[in-house]
Amino acid sequence: MNKIYTDKQVFNIIDDNKDLTLSLNDGQMVVINCFFYQIKDMNINIEQSNNSYLVINYAGYVHSDVNINMDVNVLGNGNKTVINVRTIDEKNHANFNVSVQANEHTINNEIVEDLKAINEDGTITFMPILKIDTNEVQAEHYATIGGLDEKELFYLESKMLSTKTAKEILKKSFIYNLFSDTFKSMLGEGKEEDE
Amino acid sequence: MFKIVNLTAKVDNRLILDNFNLQINDGEIHVIMGHNGVGKSTLCKIIMNDRNYEVLNGQVIFNGVNLHELPTYEIARQGIMLISQNPISIEGVTNAEVLRTALREMTNEKINIFDFNKKMEDICDQLKLSKDFIHKDINVGASGGERKKIELLHMGILEPKLLLLDELDSGLDVDAMRDVANFINEYHNKTKCSILIITHHPNIINYIKPNFIHVLDQGHIIKTGDAHLAEEIENHGFFGVNAMSEEGQDE
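What counts and how
Residues numbered from 1 in each chain as written. Chains lettered and ligands numbered in written order. Predicted model: local features only at pLDDT ≥ 70, side-chain atom pairs only at ≥ 80, totals over all residues. Heavy atoms only, no water. Helix = DSSP H or I, 4+ residues; strand = E, 2+ residues; numbered from the N terminus. Rg over C-alpha atoms; globule rule 2.2 N^0.38 Å. Buried < 20%, exposed > 50% of the residue type's maximum accessible area, 1.4 Å probe, protein only. Contact = heavy atoms within 4.5 Å. Areas by Shrake-Rupley, 256 points an atom, 1.4 Å probe, with all protein chains shown as cover. Lys, Arg positive; Asp, Glu negative; His and termini not counted. Charge placed at Lys NZ, Arg CZ, Asp CG, Glu CD. Buried area = accessible area lost by both parts, 1.4 Å probe. Salt bridge = Lys/Arg side-chain N within 4 Å of Asp/Glu carboxyl O. Polar contact = N/O pair within 3.5 Å; in protein donor to acceptor, adjacent residues only side chain to side chain. Axes fitted to C-alpha atoms, helices over the stretch in contact; angles between N-to-C directions. Parallel < 35°, antiparallel > 145°, perpendicular 65-115°, else oblique. Left-handed = near helix turned anticlockwise from the far one by under 90°. Nonpolar A, V, L, I, M, F, W, Y, C, P; charged D, E, K, R; others polar.

J.: It is not clear to me how the overall build of chain A should be interpreted in this structure. Could you clarify?
T.: Helices and strands together make up the secondary structure of chain A, namely three helices and eleven strands. Tracing chain A from N to C terminus, the helices and strands come up as β-β-β-β-β-β-β-β-β-β-β-α-α-α. What you see for chain A is a C-alpha radius of gyration of 18 Å, in line with the 16 Å of a compact globule of 195 residues. With respect to the three principal axes, the spread of C-alpha positions in chain A is 55 × 35 × 30 Å. Every one of the 195 residues in chain A was classed for burial, and the buried ones make up 48%. Taking contacts inside chain A between residues at least 6 apart in sequence as the whole, the part at least 24 apart equals 69%. For chain A, the computed accessible surface area is about 9400 Å², with 43% contributed by carbon and sulfur atoms.

J.: Where do I start with the overall build of chain B in this structure?
T.: What chain B contains, in helices and strands, is seven helices and twelve strands. Taking 251 residues into account, the globule formula puts the C-alpha radius of gyration at 18 Å, and chain B, at 18 Å, falls close to it. A separation of at least 24 residues holds for 67% of the contacts in chain B among residues at least 6 apart in sequence. Averaging the locations of the 24 positively and 37 negatively charged side chains of chain B gives two centres separated by 7 Å.

J.: Can you help me understand the interface of chain B and chain A in this one?
T.: Many structure descriptions define interface size as the accessible area lost when the parts assemble. Across the boundary between the two partners, chain B contributes 36 residues, which contact 22 residues of chain A. For the pair chain B and chain A, the summed buried area comes to about 2700 Å², and 59% of that belongs to carbon and sulfur atoms. By the criterion of area lost to chain A, the three top residues of chain B are Arg51, Tyr73 and Ile88 of chain B, representing 19% of everything that side buries. Linking chain B to chain A there are three salt bridges. Glu157 of chain A is the salt-bridge partner of Arg51 of chain B, the closest N and O atoms lying 2.9 Å from each other. In this structure, the connection of chain B to chain A is made through nine residue pairs in polar contact (both at pLDDT 80 or more).

J.: I tried to follow the side chain of Thr106 of chain A on my own but got confused; where do I start?
T.: For Thr106 of chain A, the location among the structural elements is in the loop between strand E8 (93-102) and strand E9 (109-119). Each residue touching Thr106 of chain A, except ones within four places of it in the same chain, is listed here: Val74, Leu75, Gly76, Asn77, Thr134 and Glu136 of chain A.

J.: Which parts of the structure should I look at to understand the pattern of salt bridges?
T.: Any two side chains of opposite charge can pair if their charged atoms end up close together. Residue and element names in this part refer to chain A. As enumerated under the stated definition, the model contains 19 salt bridges over all chains in all. When the shortest N-O distance is used, the salt bridge between Lys18 and Asp16 registers 3.1 Å. Given a relative accessible area of 31%, Asp16 falls into the partly exposed group. Between Arg86 and Asp114 there is a salt bridge, and its shortest N-O distance comes to 3.3 Å. Of this pair, Arg86 sits in strand E7 (residues 80-89) while Asp114 sits in strand E9, placing them 28 residues apart in sequence.

J.: I keep staring at the packing of helix H4 (residues 113-127) of chain B against helix H5 (residues 144-158) of chain B and nothing clicks. Help me out?
T.: The description of two helices packed together rests on the angle between their axes and the distance between the axes. All names here are of chain B. Contact geometry for H4 and H5: axes closest at 10 Å, N-to-C directions at 135°. By the criterion of interaxial angle, the relationship of H4 to H5 is oblique. Of the two possible hands of crossing, H4 and H5 adopt the one that is right-handed. Listed contacts from H5 to Phe116, Lys119, Met120, Ile123, Cys124 and Leu127 of H4 are Lys149, Leu152, Leu153, Gly156 and Ile157. Looking at the contact of H4 with H5 residue by residue, the class counts come to eight nonpolar, one polar and two charged.

So, in structure tokens, the structure goes:
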């Protein structure tokens, strides 16, 4: 049966790297959208009690060496935690430590960490950490670092798009596709204007 | 005019094309047929300078321009368009965005959104394709037949001079095949574009009438004929046609 969350909050963060600390109430749903034209060092610390649903969508471009730490502590039961990261690094070093802890004696929690990066000439380190102190948790983590899809590049170039433009379009879709249309419109995306 | 001269190419250390030659005059429709795995689709990708294939020798020339000195997008801007057998999908990139960006890059002019959208909608009507696809991500959620129609929508906007149709009929039901063929025939009649159709089944020839049919085998064309060659292939198969052409050579 699908859970219904009557208490829903959305945090939209654009280019603000102030540390974020949050505790979710029982039964609360929180979506944190973070977008950075230039990612800077940041710490995110979240606690989940019972029957809460946390989604973190974090995306942006690396233009200098950075360290990002995300720490989620699941204290109770029946929680869902989803962390999505999308980043593009052209020539710097980026460290992402993403940790979710499911504490002892907790049950019926679900955790998903999905970390993806396009790395052109820099170094990206993903540390997807699952600290599981219980036998009753469903947890998955994915970390993918690669380049742009060659087939997609060829396809766009065969439609007359220059290599440079094709790469820009693919990189932009990689980053922006993480977000809802509402947040994308806050970033000025998805509008078709007379040129 | 489009000309391939003594083209030899390989992929993964396997020779695919071996002294391949072909000439398509302006406005002509050519069909290349051959059994599975003989290199027909590869030929199209090599024409578009797909980086996965290595050209060892030969030239591909279109209206006097040597295509292999050009990157893929410049080949496309010369007026050559490839419609693949299985067009890929790209999430996060809409059909409208790609086409608008391509036109803007080509012309360096502002695009009137109203005129652009109207043209897209008119083409969708001709193709019996839902207009929803205009602003949807490329081929995401589209059936095989819809993907082919979306590719033809691109063709209608980008207006190529040479069409490479790779297994166009694959995945199309009878009605979709008719819609697609009608659109291509109308486009051909209006623009006098050249067309190269790649297929392993002669069925498409019932819908788009070619000037010439070629059989590809062992890396090059082994036989050329008109529509009657398609009947020979239907009756004797590719190996039968190959045997007949070898007999001819012995004589």
